[in-house]
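Results of the structural survey
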Amino acid sequence: MKDTSANIDEFLHLLRALVREPSVVGVEDAFFRVLRRELEEYPVKVDRYHGLLVAQGSEPDSVYLSAHIDRHGLLCTGPNEFQYAAFIAGNRGELTGDSVSEQFMELIAGRFEGQRVQAHTPYAGTYCGQGQIMRSYVCPRRHNLIFELDGLEFLQPGFPVSFLDRLRVDQNFVSAQLDNVVSVAMLIELIRSGFKGTALFTAGEEAGRSWRFAVEWFQRHDLCTDRLIVLDTSPFPTLDEVGKQDVVLRNRDSMATFDEPLTDKLVAICDRLKIRHRFKDRYVELLNLEREKPLSIGRTELGRIIAATDGLVRGTTLQLPTTSYHTASETAEKTSISAMLRLLRNICELPDPQ
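Residues numbered from 1 in each chain as written. Predicted model: local features only at pLDDT ≥ 70, side-chain atom pairs only at ≥ 80, totals over all residues. Heavy atoms only, no water.

**Things to note about the side chain of Ser-66**
Our working definition: For helices the rule is a DSSP run of H or I covering at least 4 residues; for strands it is a run of E covering at least 2, with both sets numbered from the N terminus onward. Any pair of residues with heavy atoms lying within 4.5 Å of one another is described as a contacting pair.
The topology assignment puts Ser-66 in strand β3 (residues 64-68). Discounting chain neighbours no more than four positions away, the residues touching Ser-66 are Leu-187, Leu-200, Thr-202, Leu-228, Ile-229, Val-230, Leu-231 and Glu-301.

Put into structure tokens, the structure is as follows:
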């Protein structure tokens with residue numbers, strides 16, 4: 001297999017810059033402006049909609065790639081009171097308990113002690129100051145993660161607080177809050193390499209809302225397709241499990257069955273390029289054979305799009321395997337990033353960088 005690890009330095013430079021930009025779920029306006037400024041340097045048509053930014057090349061119907069831009073963070077909800085932004089009362093209507101994020105809540109509750117955070121104004125993104133998480137726990141009455149902070153007592157309700165995040169590159173590993181800024185960076189990399197299709201950048205995925213923005217866009221333009229590929233990260237418990245595949249595919253999620261021909265096409269390209277792949281739904285099903293309480297195979301943005309459109313908009317997913325999910329230390333292998341970029345370039349018929 002061709003080693004492309006030396007060719008991702010420019011990509012990592014882009015990813016490093018994007019990681020520093022806050023994009024707390026529900027408060028993504030500032031990141032949308034950063035993204036638009038980056039995309040308008042390239043020959044694509046860029047349009048902003050509610051909860052969505054769309055970049056279209058010269059052959060917009062050739063393939064549709066989607067990635068959500070929001071990341072986990074906190075929201076000030078009262079005097080010196082901070083809650084996990086994805087699960088505040090205003091977002092819970094989209095969450096029914098079977099998402100991977102919700103099932104991880106108890107597990108990740110204690111991971112944040114000592115984590116540095118930074119606050120920004122809700123729309124402009126102006127920096128307001130830094131603080132530190134002293135304690136985090138699940139409140140049984142509000143069914144949410146509650147955070148006790150030091151240093152941001154002056155914030156008013158509605159102000160977002162993001163994890164103080166920096167990209168770390170250590171030998172073959174890349175760490176940050178990668179979900180899902182790494183996929184955003186991949187789409188930008190494709191666009192600056194000549195991508196001709198349509199890229200959708202959605203908001204609110206961590207609160208279960210992004211599918212609505214994508215569906216509305218397809219309906220607004222009376223579009224149907226079987227060529228939608230949704231990019232994301234996929235959590236595994238250990239680095240050993242992460243290293244067992246380069247990319248993660250799916251046949252389905254708990255909402256819908258994905259487009260079989262497009263999924264088969266990705267498998268064929270993986271085989272041709274010698275990219276190791278694993279199907280996440282099969283992986284979870286095997287784990288559940290030995291579990292008393294089964295894990296959810298997850299509700300993805302794509303599954304909800306397929307269900308909401310009765311299959312008029314369908315496709316498949318492509319995910320980057322990671323560990324330390326939903327923390328500022330989410331980790332992926334550089335070789336996996338290279339493999340996913342190579343796979344995307346082949347899907348989009350773009351040349352590999354020399």
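Once the structure has been displayed, the description carries forward.
**What about the side chain of Ser-296?**
The condition is simple: Think of it in three bands: with a 1.4 Å probe and only protein chains considered, a residue is buried below 20% of the maximum accessible area for its type, exposed above 50%, and partly exposed in between. Two N or O atoms form a polar contact when they lie within 3.5 Å of each other; inside protein one atom must be a possible hydrogen donor and the other a possible acceptor, and for residues adjacent in sequence the pair counts only when both atoms belong to side chains.
Inspection of the secondary structure puts Ser-296 in the loop between α9 (280-288) and α10 (301-308). A residue is classified by how much of its surface remains accessible, and Ser-296, at 14% relative accessible area, is buried. A distance of 2.8 Å separates a polar side-chain atom of Ser-296 from the backbone nitrogen of Gly-298.

**Topic: the packing of aromatic side chains**
The test is simple: Here is the rule: rings of Phe, Tyr and Trp (six-membered ring for Trp) pair when centre to centre is within 6.5 Å. Planes less than 30 degrees apart are stacked, more than 60 are edge-to-face, and the remainder are tilted. By definition, being over a ring means that NZ of Lys or CZ of Arg is both within 6 Å of the ring centre and within 35 degrees of the ring normal.
Applying the stated rule across the entire model yields nine aromatic pairs. Taken together, Tyr-84, Phe-87, Phe-112, Phe-147 and Phe-163 form an aromatic cluster joined through their ring pairs. Lying over the aromatic face of Phe-236, Lys-280 brings its terminal NZ or CZ to 4.5 Å of the ring centre. A cation sits over an aromatic face here: Arg-282 above Phe-279, 4.5 Å from the ring centre.

**Focus: the packing of helix α1 (residues 9-19) against helix α5 (residues 181-192)**
Inclusion rule: As a rule, the C-alpha atoms of each element are fitted with a line to give its axis, helices using only the stretch in contact, and angles between N-to-C directions run from 0 to 180 degrees. Angle categories are assigned with fixed cut-offs, so that under 35 degrees is roughly parallel, over 145 is roughly antiparallel, 65 to 115 is roughly perpendicular, and the rest are oblique. Helix crossings get a hand from a simple test, with the near helix turned counterclockwise from the far one by less than a right angle marking a left-handed crossing and a clockwise turn marking a right-handed one. Only Asp, Glu, Lys and Arg are considered charged in this grouping, and only Ala, Val, Leu, Ile, Met, Phe, Trp, Tyr, Cys and Pro are considered nonpolar; every other residue, Gly among them, is considered polar.
The N-to-C vectors of α1 and α5 enclose an angle of 130°; their axes lie 9 Å apart at closest approach. In this view, α1 runs oblique relative to α5, as classed from their interaxial angle. α5 is crossed by α1, and the crossing has right-handed handedness. Note on element contacts: α5 touches α1 through Val-181, Val-182, Val-184, Ala-185, Met-186, Ile-188, Glu-189 and Arg-192, opposite Glu-10, Phe-11, Leu-14, Leu-15, Leu-18 and Val-19. Per-class residue counts for the contact of α1 with α5 are 11 nonpolar, no polar and three charged.

**Here's the deal with the packing of helix α6 (residues 210-220) against α10**
Between α6 and α10, the least distance of the axes is 9 Å, while the angle of their chain directions is 45°. As far as their axial angle goes, α10 and α6 are oblique. When you trace α6 past α10, the crossing you get is right-handed. Of α10, the residues touching α6 (which contributes Ser-210, Trp-211, Ala-214 and Val-215) are Glu-301, Arg-304, Ile-305 and Ala-308. Looking at the contact of α6 with α10, its residues break down into five nonpolar, one polar and two charged.

**A short note on the environment of Thr-233**
In this structure, Thr-233 sits in strand β13 (residues 225-235). Residue Thr-233 is classed as buried on the basis of its relative accessible area, which comes to 5%. Sequence-wise, Thr-233 and Leu-320 are 87 residues apart; in three dimensions their C-alpha atoms are separated by 4.5 Å. Ignoring sequence-local partners within four residues, the contact set of Thr-233 consists of Leu-178, Asp-179, Asn-180, Val-182, Gln-319, Leu-320, Thr-322, Tyr-325 and Glu-330. Engagement of the side chain of Thr-233 in a polar contact is seen with the side chain of Glu-330, the distance being 3.2 Å.

**A short note on the pairing of β13**
Going by this rule: Here, a strand pair is defined by DSSP locating no fewer than two bridges between the strands.
The buried count for β13 comes to nine of 11 residues, which makes it a mostly enclosed element. Strand direction decides the pairing type here: β3 and β13, joined by four bridges, are parallel. The residue of β13 that forms the bridge with Ala-67 is Leu-231. Pairing geometry for β13 and strand β16 (residues 313-322), over nine bridges, is parallel. Paired with Thr-233 across the two strands is Leu-320, which belongs to β16.

**Quick notes on the nonpolar core**
Threshold: We call a set of buried Ala, Val, Leu, Ile, Met, Phe, Trp, Tyr and Cys residues a nonpolar core when their side-chain atoms join them within 4.5 Å.
Core analysis: the biggest nonpolar cluster contains 62 residues, and Phe-11, Leu-15, Phe-201 and Leu-318 have the highest contact counts within it. Counting residues per element, this core draws most heavily on α5, which supplies nine residues. What Leu-318 contacts, discounting residues up to four positions off in sequence, is Ile-229, Val-230, Leu-231, Asp-232, Val-247, Val-248, Leu-249, Leu-266, Met-340, Leu-343 and Leu-344. Leu-74, Ala-86, Ile-133 and Leu-155 belong to the second largest nonpolar core, which has 26 residues in total.

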